[in-house]
Amino acid sequence: MIHGHITAWILALILFVVALFLLKGGKEKGAKVVKMILRVLYIAILATGVGLLFMVYKIDVWYVLKAVVGLWIIGLFEMILSRVANKRRTSVFWIQFVVAWVLVLYLGGRLPMSFLHP
Ligand code: HEM
């Protein structure tokens, strides 16, 4: 389950970057296709994330925070892509993006199922 979760969000991150470059290069059609695949990956991230939560004996605040920050990142993927497509400012969202990634890697890494867990 954790492998599926990690694979899903790494793929999503890669496709997010690909979609960004396609948009910047004016390739709207290509970006549309990549965005559609990206949305399937959101479902995979969510399904594996929820699956991991079901494996937890006692869900504490760290799990809740981890899940919320995960959802926040998915929201930011969508916000940034749509604002880039509409040529609107994205700086506020990029700041949130960095903060959310630091948090998710920290929280994900400190929870017990993680590879990084001491
Ligand atoms: C793009 C969004 C997300 C990212 C980048 C992300 C990232 C991570 C990372 C880095 C880990 C630790 C893996 C490891 O080091 O082995 C993890 C574990 C986990 N994630 Fe996510 N996640 C995301 C979305 C979600 C969502 C939406 C949920 C819940 C609905 C969720 C629930 C969990 C749970 C329960 C764990 C296991 C924690 C443990 O016990 O070790 N994640 N995630």
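Let us look at the structure shown here. The structure displayed is predicted, hence computed values, not measured ones. (Residues numbered from 1 in each chain as written. Predicted model: local features only at pLDDT ≥ 70, side-chain atom pairs only at ≥ 80, totals over all residues. Heavy atoms only, no water.)

### Observations concerning the coordination of the iron atom of the ligand
The criterion, for reference: Metal donors: N, O and S atoms at distances within 2.8 Å, or within 3.2 Å for Na, K and Ca, with water omitted from the atom set so that some sites may seem incomplete. Sites are called tetrahedral only when four donors show all angles between 85 and 135 degrees, square planar or octahedral only when four or six donors show opposite pairs over 155 degrees and all other angles between 65 and 115, and irregular in any remaining case. Numbering of helices and strands runs from the N terminus; a helix is a DSSP stretch of H or I covering at least four residues, while a strand is a stretch of E covering at least two. Buried residues are those whose accessible area, probed at 1.4 Å on protein chains only, stays under 20% of the maximum for their type, while exposed residues exceed 50% and partly exposed ones sit between those limits.
Around the iron atom of the ligand, the donor atoms from the protein are His5 (NE2) and Lys66 (NZ), and they sit 1.9 to 2.0 Å away. Every donor counted, the 6 donor atoms about the iron atom of the ligand form angles of 83 to 176 degrees at the centre, which fits octahedral coordination. With His5 in helix H1 (residues 2–24) and Lys66 in helix H3 (residues 61–85), this pair connects stretches of sequence that are 61 residues apart. Each member of the pair His5 and Lys66 is classed as buried.

### Details of the site of the ligand
Inclusion rule: Only a single heavy atom is needed: when it lies within 4 Å of a molecule or strand, its residue is near that molecule or strand. What qualifies as a polar contact is a pair of N or O atoms within 3.5 Å, subject to a donor-acceptor requirement within protein and to the restriction that residues adjacent in sequence count only when both atoms come from side chains. Residue classes follow a fixed rule: Ala, Val, Leu, Ile, Met, Phe, Trp, Tyr, Cys and Pro count as nonpolar, while Asp, Glu, Lys and Arg count as charged, and any other residue, Gly among them, counts as polar.
Near the ligand lie 25 residues; those nearest to it are His5, Lys66, Met113, Ser114 and Phe115. Between His5 and the ligand, the recorded distance is 2.9 Å, taken from a side-chain N or O atom to a nitrogen atom. For the shell around the ligand, the class distribution of residues is 19 nonpolar, 5 polar and 1 charged.

### Some details on the packing of H1 against helix H2 (residues 28–54)
What counts is decided by this rule: Angles here are taken between N-to-C directions and fall from 0 to 180 degrees, while the axes themselves are lines fitted to C-alpha atoms, restricted in helices to the stretch in contact. Just so you know how the angles are binned, under 35 degrees is roughly parallel, over 145 roughly antiparallel, 65 to 115 roughly perpendicular, and the rest oblique. In this scheme the handedness of a crossing depends on how the near helix is turned from the far one: anticlockwise by less than a right angle means left-handed, clockwise means right-handed.
It is at 8 Å that the axes of H1 and H2 come closest, and there the two elements cross at 160 degrees. Taken together, the axis directions place H1 and H2 in an arrangement best described as roughly antiparallel. Every pair of crossing elements has a handedness; the one defined by H1 and H2 is left-handed. Its residues assigned to classes, the contact of H1 with H2 comprises 19 nonpolar, 5 polar and 1 charged.

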